[in-house]
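Listed below are the residues making up each chain.
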Amino acid sequence: MYLRCHHSALKDESEMTQQDKQAQESHLIEHPIKSELVHQGSFLQVRLDTVRLPHGGQATREYVVHPGAVVVIGLLDDGRVLLERQFRYPVGQVMTEFPAGKLDAGELPLICAQRELLEETGYSAREWAYAGPMHLAIGYSDEIIHIFFARGLTAGERQLDADEFLDVCSMTAAELLDGVRTGQVTDAKTLSCCLWLQNVQSGAWSLDWKPA
């Protein structure tokens, strides 16, 4: 696959050496000069970095440092997908979204996905498949969300935190996509997961399923 850009035709990254990639992208890269910690929260940092721009000038970059997270596309046996409804304080709305959660220190993404699915929904899965990483907000955060599919779901008891309030629900893929179309589903990670869901269900994209 080739991507036609203003400056060059870029090969698929899998076909390029690191030197090739650096050479082709050198006119775009910013290099850090210094980094300051602006805020340290319970799990987020805000940093202010000074960078050297490709033409030699300087600029500042403010961004949020995030430990990483997972999102789970749970496939129920009846063809529906597992979703949650919860209030998200920054936007002041109850949102419809796929189950998700942040990585604990040193935690593997798959272990986190299995833990979050059980804690938030009460479901455990017989098989898991890793779809890939997603950068959620590249303009102001380094957060990476790892996308997982889960199937062979078995219901059980939820293990919510004392300060966690959410409803578990399900929809057909068509209902979910209609919610995206009408603006009822606006969560970015869920929108991205809908792309994966469509292509997996159509057979256009394949997954490497593994037992739990």
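Everything discussed here concerns the structure shown above.
The model shown is predicted, which means the values in this text are computed figures rather than measured ones.

> It is not clear to me how the side chain of His-66 should be interpreted in this structure. Could you clarify?
Mapped onto the elements of the fold, His-66 is located in the loop between β5 (58–65) and β6 (69–75). Judged by relative accessible area, which is 16%, His-66 ranks as buried. At a separation of 2.8 Å, a polar atom in the side chain of His-66 contacts the main-chain amide nitrogen of Gly-68. Among residues more than four places away in sequence, those in contact with His-66 are Phe-43, Leu-44, Lys-102, Ser-141, Asp-142 and Glu-143.

> In this structure, what is going on with the packing of aromatic side chains? I would like to understand it.
Applying the stated criterion to the full structure yields four aromatic pairs. Ring geometry for Phe-149 versus Trp-209: centroids 6.5 Å apart, planes at 80°, classification edge-to-face. Pair noted here: Phe-149 is in strand β11 (residues 144–154) and Trp-209 is in the loop between α4 (188–202) and β13 (210–211), with a separation of 60 residues, a long-range link. Phe-149 sits in the buried class, given a relative accessible area of 0%. One Lys or Arg, Lys-102, reaches over the ring of Phe-43 and ends 5.2 Å from the middle of that ring. The ring of Trp-209 is capped by Arg-151, whose NZ or CZ atom sits 4.0 Å from the centre of that ring.

The rules behind each value
Residues numbered from 1 in each chain as written. Predicted model: local features only at pLDDT ≥ 70, side-chain atom pairs only at ≥ 80, totals over all residues. Heavy atoms only, no water. Helix = DSSP H or I, 4+ residues; strand = E, 2+ residues; numbered from the N terminus. Buried < 20%, exposed > 50% of the residue type's maximum accessible area, 1.4 Å probe, protein only. Polar contact = N/O pair within 3.5 Å; in protein donor to acceptor, adjacent residues only side chain to side chain. Contact = heavy atoms within 4.5 Å. Phe/Tyr/Trp six-rings, centres within 6.5 Å; stacked < 30°, edge-to-face > 60°. Lys NZ or Arg CZ within 6 Å of the ring centre and 35° of its normal.

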